[in-house]
Amino acid sequence: MTVVRASTRNTIADKKPVRRHMDGATAQEQLLDAAERLFYRDGIRAISVDAVVERAGVNKMSVYRQFSSKDDLVVAYLTRMDERFRERVEASFAKHPGDAAKGLVQGITDLVERASRPDYRGCPFVNVACEFADREHPARVSVARNKAYLIGRLLALSEASGAADPQSLADSLALLIEGIYASSQTFGPGCGPMRSAPRTAQTLVRAACAEGRVEQ
């Protein structure tokens, strides 16, 4: 019996990340990778710095060499997520060069496909906004920056599409996007409400552009 227990303990220990010496840049990437997996899946307040360190397999002092506080780590995580978000958005719009109206609908279509994945946990910025009530908190500042970028790009494409009221169209599409984020978590991945979003976007865009042509 003693031998079996020892073997079991060894097996459990083997599953833990092995901490090893690494340069600052590598340690930073390891920490951000771990923070991304844990923060996105379980939420920021539920995850301690120790949990991030354990997942990253680095020395705890590495956290404070790279980030002065947990808030700094959170902001770095959100900065990474914002960069990836912008890349995806621009890639969607770029599928229809010269046709802003189709680009807007494509952005919604691609988001629905992404939000239908089983491991999708919604918009990380919406999640953070729910966790931090203080709008002055660095994490909420990151949220505001991301959403300002989104509405700015929707407005630019709405103007380029010839919409009669570009701001109204951009606002409507932004609301639709937020609905996709929410329904992916409440109704579930691939749900009917979420799948209806591309058709709704197309209806909104066509109506706005038709009004624009009439006014011209």
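As the structure is a computational prediction, the values presented were derived from the model and not from experiment.

A. The arrangement of the pattern of salt bridges in detail. Tallied over the full model, the rule gives 11 salt bridges. In this structure, Asp82 engages Arg86 in a salt bridge whose closest nitrogen and oxygen atoms are separated by 2.8 Å. With Asp82 and Arg86 both in helix 5 (residues 70-93) and 4 residues apart, this pair spans about one turn of that helix. When its relative accessible area of 28% is taken as the criterion, Arg86 is described as partly exposed. Of the charged contacts, one joins Glu178 and Lys147 as a salt bridge, the two residues approaching to 2.9 Å between their closest N and O atoms. Taken together, the residues span a long stretch of sequence, with Glu178 in helix 9 (residues 166-186) and Lys147 in helix 8 (residues 138-160) at a distance of 31 residues. Lys147 gets classed as partly exposed once you look at its relative accessible area, which sits at 21%. Through salt bridges that share partners, Glu29, Asp33, Glu36, Arg80 and Arg84 make up one connected network.

B. Highlighting helix 7 (residues 124-131). Along helix 7, the residues that are buried comprise Pro124, Phe125 and Val128. Taken end-on, helix 7 shows its buried residues confined to a sector of 95°, consistent with a single buried face.

C. View of the packing of aromatic side chains. Using the criterion set out here, one finds 2 aromatic pairs in the structure. Ring geometry for Phe39 against Tyr77: centres 5.4 Å apart, planes inclined by 70°, an arrangement best described as edge-to-face. In this pair, Phe39 sits in helix 2 (residues 24-42) while Tyr77 sits in helix 5, placing the two residues 38 residues apart along the sequence. An identical accessibility class is assigned to Phe39 and Tyr77; each is buried. Ring geometry for Phe85 against Tyr149: centres 6.2 Å apart, planes inclined by 80°, an arrangement best described as edge-to-face. Within this pair, whereas Phe85 is found in helix 5, its partner Tyr149 is found in helix 8, the two being separated by 64 residues in sequence.

Criteria and cut-off values
Residues numbered from 1 in each chain as written. Predicted model: local features only at pLDDT ≥ 70, side-chain atom pairs only at ≥ 80, totals over all residues. Heavy atoms only, no water. Salt bridge = Lys/Arg side-chain N within 4 Å of Asp/Glu carboxyl O. Helix = DSSP H or I, 4+ residues; strand = E, 2+ residues; numbered from the N terminus. Buried < 20%, exposed > 50% of the residue type's maximum accessible area, 1.4 Å probe, protein only. Arc of directions from axis to C-beta. Phe/Tyr/Trp six-rings, centres within 6.5 Å; stacked < 30°, edge-to-face > 60°.

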